[in-house]
Amino acid sequence: MTTVGIDLGTSGVKMLAMSEEGEVLKIVSRDYPLYQSGNESEQEPEDWWEQTAEGLKEMTAAVGEVGAVSFSGQMHGLVVLDENDKVIRRAMLWNDQRTTEECHYLNDEIGREHLLEHTANIALTGFTLPKILWMKKHEPENFKRIAKIMLPKDYLAYKLTGHFATDFSDASGTLLLDVKNKRWSNFMLNTAGLNVSQLPKLYTSSEAVGNVTAAAAAKTGLSERTVVAIGGGDQAVGAVGTGTVAGGMCSLSLGTSGVVFVAGDFAVDNEPSAVHSFCHATGDYHMMGVTLAAAASTKWWVEDILAGDYNAEQADIKSEDLGKNSVFYLPYLSGERTPINDPLARGAFVGMATYTTRADMMLAILEGVAYSLRDNLESMKKLGISATSARIIGGGAKSDLWCQIISNVLNLRVDKINSAEGPALGAAILAQVALKAYPTTATACEKIIKTTTSFTPNPNSAALYDKKYPLYKNLYTNLKDTFTEFSNI
């Protein structure tokens, strides 16, 4: 039966209808506003719901009855409802950076060791708990009104079913979940001044939480028979969409942010670094690292600075140039998440000369993002996590040149697959599992996801990148104090 995966992103929502055999039947997208000012980034949850409902109405008109829907959601966003189920304030998003003081409190006063013991992760500005603490301090009257705390995709599930639910993968990024034991952490709840009744019931991503209500059916075109599976965080569900479901498998996402994701069948004892140890949408676990400005770096350079064309800007970069560039780029346009955990970090070009060309600058950006992905993979290797190949998705993966650079820098085989849809496809697969069309998520992925193109490391280029990687690492170390000083100007 047809299922629909709903990918609730930062710039818009994408809905993908898929047959039981894995054929993509239709894709519908809707946009909504993003409200940014300084280090704040917010959206209206009602905008998500209205645009999703309109998109589902278009979808059902085209494909007919839908057996089940599931979700991929932007992670870490704080959605708060009062006792009357009214949204209290705009949602604070994953890329909101106003919680530096709250993170210092959690990491330094509560202590990294306690955070690792109770959540397997340290505090980052993007996570949900620091936002809750910010709200408690700066909006105490709103904080007192909180009856329900949700993540973005959970708000859609609530509007569709009336069930207050979330999943383990998305909850892992709240800093309120005991990841290893898959339960809300009483220690962290006490730290936040919350009680467990304010948090949703926990599910595995492919589990059904209910059916569509009559009111939601009338608004969306779905049937009251339609099953709603809770889905998961965008990176875990995106990994399902690449078939990255078994231990040791790796996926790379080149969207606005860049993500290194390695699946595992057990929880890793993390160290005081900024890579994430989370639950997977499969019911197992994964390690994840995030660089905040991956394709965002190329968009800034090509569109905002050069007003150019992506293909044209890469046309003069030759395969023999890879590893020989004298220009380095730090991709910290929005601060940086893992592994340096520094919201004050900034982007930089280093090494320009009178002979530096436009192509050199473009190549430096592609290489800089690849180095930042390697930073995350190297951090995972220190924890005993490794991979020999990776599946790549996201808008940046359209560039074969960038895929080859990443293969060289990471010294991994990089595979493209038969779908570029990632999170939306992964959500549709989870919905099929919820309908029992497949016994497990892994079984569904084996049937539906296939490799189409592979990029293998060029030995000469890989060796050159190995020599240059320590130079890249030293740039942040040497510039860190300067970045901090910039913040005080």
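The coordinates are above.
Within any chain, residue numbers begin from 1 and follow the written order of that chain's sequence. Confidence filtering applies because this is a predicted model: local features only for residues at pLDDT of at least 70, side-chain atom pairs given and counted only at 80 or more, and all residues used for totals across whole chains, interfaces and linings. With hydrogens and water set aside, each side-chain value is computed from the structure's full complement of heavy atoms.

*Asks:* Is there a simple way to think about the overall build of the protein chain in this case?
*Replies:* A count of helical and extended segments in the protein chain gives 16 helices and 25 strands. Computed over its C-alpha atoms, the radius of gyration of the protein chain comes to 22 Å, within 12% of the 23 Å expected for a compact globule of 489 residues. Expressed as a percentage of its 489 residues, the buried residues of the protein chain come to 60%. Here the contacts in the protein chain between residues at least 6 apart in sequence split such that 73% fall between residues at least 24 apart. Method for areas: the Shrake-Rupley scheme with a 1.4 Å probe, in which residue coverage is limited to the protein chains shown. Summed over all atoms, the accessible surface of the protein chain reaches about 18,600 Å², with 48% contributed by carbon and sulfur. Across the protein chain, 43 positive and 57 negative side-chain charges occur, with their mean positions spaced 2 Å apart. Runs of H or I in DSSP of at least four residues are treated as helices and runs of E of at least two as strands, each being numbered from the N terminus. A radius of gyration in this sense is built from C-alpha atoms; the matching globule rule multiplies 2.2 Å by the number of residues raised to 0.38. Each residue is placed in one exposure class: buried if its accessible area under a 1.4 Å probe, protein chains only, is under 20% of its type's maximum, exposed if it is over 50%, and partly exposed if it falls in between. Contacts between residues were defined by any pair of non-hydrogen atoms, one from each residue, lying within 4.5 Å. For the purpose of counting charges, residues Lys and Arg are taken to be positive, whereas Asp and Glu are taken to be negative. His and the chain ends are not included. Charge placement uses NZ in Lys and CZ in Arg. For Asp and Glu, CG and CD serve respectively.

*Asks:* Teacher, can you tell me more about the sheet that holds strand S18 (residues 258-264) here?
*Replies:* The strands that make up a sheet pair up through hydrogen bonds in the backbone, lying either parallel or antiparallel. Only strands that DSSP links by at least two bridges are regarded as paired with each other. Spatially, S19-S20-S18-S17-S23-S24-S25 is the arrangement adopted by the seven strands of the open sheet, whose pairing is mixed. Looking at strand neighbours, the two that pair on one side only are strand S19 (276-279) and strand S25 (451-455), the edges of this open sheet. Between one strand axis and the next, the sheet turns through 30° on average, direction left out of account. Its contacts with the sheet place helix H9 (residues 234-242) against strand S17 (250-254), S18, strand S20 (285-291), strand S23 (389-393) and strand S24 (413-417), and it is angled at close to 75° to S18. Only the stretch in contact is used when a helix axis is fitted, and all axes are lines through C-alpha atoms; the angle between N-to-C directions ranges over 0 to 180 degrees.

*Asks:* Is there a simple way to explain the nonpolar core in this structure?
*Replies:* Note that soluble globular proteins tend to have their nonpolar side chains buried in a common cluster. By size, the foremost hydrophobic cluster in this structure holds 102 residues, and its most contacted members are Val4, Ile6, Trp48, Leu129 and Ile429. A per-element tally of this core places helix H14 (residues 423-434) first, with seven residues. Setting aside residues up to four positions removed in sequence, Ile429 forms contacts with Met18, Val240, Ala444, Cys445, Ile448 and Ile449. Nonpolar core, defined: a set of buried Ala, Val, Leu, Ile, Met, Phe, Trp, Tyr and Cys residues in which side-chain atoms within 4.5 Å join the residues together. With 55 residues, the next largest nonpolar core counts Leu363, Ile385, Ala397 and Tyr472 among its residues.

*Asks:* Mind showing me how you'd approach the sheet that holds strand S5 (residues 40-43) here?
*Replies:* Strand order in the open sheet formed by three strands is S4-S5-S8, and the pairing between neighbours is antiparallel. A single partner strand is all that each edge strand has here, and the edge strands are strand S4 (35-37) and strand S8 (91-92). Across three bridges, S4 lies against S5 in antiparallel orientation. The residue bridging Gln36 from the neighbouring strand is Ser41, located in S5.

*Asks:* Is there a simple way to think about the environment of Val414 in this case?
*Replies:* Turning to its location among the elements, Val414 is positioned in strand S24. Taking C-alpha positions, Val414 is 5.8 Å from Arg391, a pair spaced 23 residues apart along the chain. Among all residues touching Val414, those that are not within four sequence positions of it are Leu252, Ala390, Ile392, Cys403, Ile406, Ser407, Thr453, Ser454 and Phe455.

*Asks:* Help me understand the side chain of Ser297, please; the structure alone is not making it clear to me.
*Replies:* Along the polypeptide, Ser297 turns up in helix H10 (residues 295-305). On the basis of relative accessible area, Ser297 is assigned to the buried category, the value being 0%. Two N or O atoms count as a polar contact when they lie within 3.5 Å, although within protein this holds only if one can serve as hydrogen donor and the other as acceptor, and sequence-adjacent residues are included solely when both atoms are side-chain atoms. Among the polar contacts listed, one links the side chain of Ser297 to the side chain of Tyr329, at a separation of 2.9 Å. Apart from residues lying up to four places away in sequence, Ser297 is in contact with Tyr329, Pro331, Leu333, Ile365 and Val369.

*Asks:* Sorry if this is basic, but what is going on with the packing of aromatic side chains here?
*Replies:* Remark: the centre distance and the inter-plane angle together describe each pair of aromatic rings, the angle taken between the planes. Between rings of Phe, Tyr and Trp, where Trp is taken as its six-membered ring, a pair exists when centres lie within 6.5 Å; planes separated by under 30 degrees are stacked, by over 60 edge-to-face, and by other angles tilted. The tally for this structure, following the rule as stated, stands at 14 aromatic pairs. Pairing Tyr469 with Tyr472 gives two aromatic rings, centres 6.5 Å apart and planes at 20°, and the pair type is stacked. One end of the pair, Tyr469, and the other, Tyr472, are both in helix H16 (residues 459-486), three residues apart, so they sit about a helical turn from each other. One aromatic cluster is present, built from ring pairs that chain together Phe328, Tyr371, Tyr465, Tyr469 and Tyr472. A cation sits over an aromatic face here: Lys182 above Tyr285, 5.1 Å from the ring centre. Our definition puts a charge over a ring when NZ of Lys or CZ of Arg is within 6 Å of the ring centre and also within 35 degrees of the ring normal.

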